[in-house]
Amino acid sequence: LTGLESLTRLAGDVHIGAYSAKNPSLESLKGLDNLISIGGSLIIGYNPSLTCLSGLNNLSYINGNLDIGQVAPNSQYQSSLTHLTGLNNLDSIGGSLLIWENDALESLSGLENLTAVNGDVQIGKSYSWWGSYWNGGNPKLVDLIGLSNLTFIGGNLKIVGNDSLISLTGLENSDTGSCMYIWH
């Protein structure tokens, strides 16, 4: 992302890929290395060649949501992320944390410094489309250890459709303000 190296703060949303603007060739977020805060949401999806989030290493605050996923299950634009390394300095999210429809994601490593999410934490997603319901989980995710320092959740905690998840270890320090939903 040559030319973006001088950015340290962005006031609005940052979309890295979207349903209508896919990035099939994006392999790196290098160029965003100096970004410290985002005033809106950070949305990452539809980047099948992106294997890690390195380049966001200095990002410490997102005022809106952090949304990593996509709405088209089994598409050719499926995520190749196996972990979330690159978000290692992120310590708080003003909105919600949404991680869903990441077929390769095995771990939430990279979120170890996250301490507060003011909205919901949603790992996986349940949704309907034309009367059909399905879960858009992260089928290879085996644990939640990357969330081990998360102490505050201002909204609901939702864990949905993560077929390989065998433990909730990583959430023992979390205080959720509302409800907890866990289902397959």
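A brief structural summary.

## Topic: the pairing of strand β6 (residues 66-69)
So, step 1. Burial of the side chains of β6 extends over both faces: Leu 66 and Ile 68 are buried on one face and Asp 67 and Gly 69 on the other.
So, step 2. In terms of strand pairing, strand β4 (residues 42-44) meets β6 through three bridges, oriented parallel. Looking at the pairing, Leu 42 lines up with Leu 66 of β6.
So, step 3. Examined bridge by bridge, β6 and strand β8 (residues 97-100) share four bridges and lie parallel to one another. What sits directly across from Asp 67, in β8, is Leu 98.

## Things to note about a nonpolar patch on the surface
So, step 1. Nonpolar side chains collect at one region of the surface, where Leu 168, Met 180 and Ile 182 lie side by side and expose about 270 Å² of accessible area between them.
So, step 2. By the secondary structure assignment, Met 180 is in strand β16 (residues 180-183).

## Quick word on the side chain of Asn 138
So, step 1. Mapped onto the elements, Asn 138 comes out in the loop between β12 (132-135) and β13 (152-153).
So, step 2. Residue classification places Asn 138 among the buried residues on the basis of a relative accessible area of 0%.
So, step 3. For Asn 138, the residues in contact, after removing those within four places along its chain, are Ile 99, Trp 100, Glu 101, Asn 102, Leu 105, Ile 123, Gly 124, Gly 161, Asn 162 and Asp 163.

## Some remarks on unusual backbone geometry
So, step 1. Backbone geometry places Tyr 46, a non-glycine residue, at a positive phi of 65°.
So, step 2. Mapped onto the elements, Tyr 46 comes out in the loop between β4 and β5 (61-62).
So, step 3. On the basis of relative accessibility, which here comes to 4%, the residue Tyr 46 falls in the buried class.
So, step 4. With phi around 55°, Glu 101 is a residue other than glycine that occupies positive phi space.
So, step 5. Here Glu 101 lies in the loop between β8 and β9 (116-117).

## Here we look at the nonpolar core
So, step 1. If you look at the biggest cluster of nonpolar residues, it comprises 38 residues, and the most contacted ones within it are Leu 42, Leu 53, Leu 84, Leu 97 and Leu 108.
So, step 2. Of all the elements in the fold, those that place two or more residues in this core are β2 (14-16), β4, β6, β8, β10 (121-123) and β14 (157-160).
So, step 3. Beyond its immediate sequence surroundings of up to four residues, Leu 108 is in contact with Leu 84, Ile 99, Ile 123, Leu 141, Asp 143, Leu 144, Gly 146 and Leu 147.

## Side note on the sheet that holds β5
So, step 1. With respect to topology, seven strands assemble into an open sheet ordered β1-β3-β5-β7-β9-β13-β15, the strand pairing being parallel. Bordering the open sheet on either side are β1 (9-10) and β15 (175-176), each of which pairs with just one other strand.

## Thoughts on empty space enclosed by the protein
So, step 1. Per the counting criterion, the structure on display carries one cavity of 30 Å³ or more.
So, step 2. Approximately 60 Å³ is the volume attributed to the largest cavity.
So, step 3. Lining the largest cavity are Ile 44, Gly 45, Tyr 46, Asn 47, Leu 50, Ile 68, Gly 69, Gln 70, Ser 79, Leu 81 and Asn 102.
So, step 4. By residue class, the composition of the lining of the largest cavity is five nonpolar, six polar and no charged.

## A closer look at the environment of Gly 3
So, step 1. Checked against the element boundaries, Gly 3 lands in the segment before β1.
So, step 2. Considering only alpha carbons, one finds Gly 3 and Gly 31, 28 residues apart in sequence, at a separation of 6.9 Å.

Calculation rules
- Residues numbered from 1 in each chain as written.
- Predicted model: local features only at pLDDT ≥ 70, side-chain atom pairs only at ≥ 80, totals over all residues.
- Heavy atoms only, no water.
- Buried < 20%, exposed > 50% of the residue type's maximum accessible area, 1.4 Å probe, protein only.
- Helix = DSSP H or I, 4+ residues; strand = E, 2+ residues; numbered from the N terminus.
- Pairing = 2+ DSSP bridges.
- Patch = residues over 30% accessible without salt bridge, like charges linked within 9 Å, V, L, I, M, F, W, Y side chains within 5 Å.
- Areas by Shrake-Rupley, 256 points an atom, 1.4 Å probe, with all protein chains shown as cover.
- Salt bridge = Lys/Arg side-chain N within 4 Å of Asp/Glu carboxyl O.
- Contact = heavy atoms within 4.5 Å.
- Core = buried A, V, L, I, M, F, W, Y, C linked by side-chain atoms within 4.5 Å.
- 1 Å grid on protein atoms, 1.4 Å probe; cavity = no way out; pocket = protein on both sides within 12 Å on 5 of 7 lines; lining within 4 Å.
- Points joined across faces, edges and corners; volume = space filled by probe spheres on them.
- Nonpolar A, V, L, I, M, F, W, Y, C, P; charged D, E, K, R; others polar.

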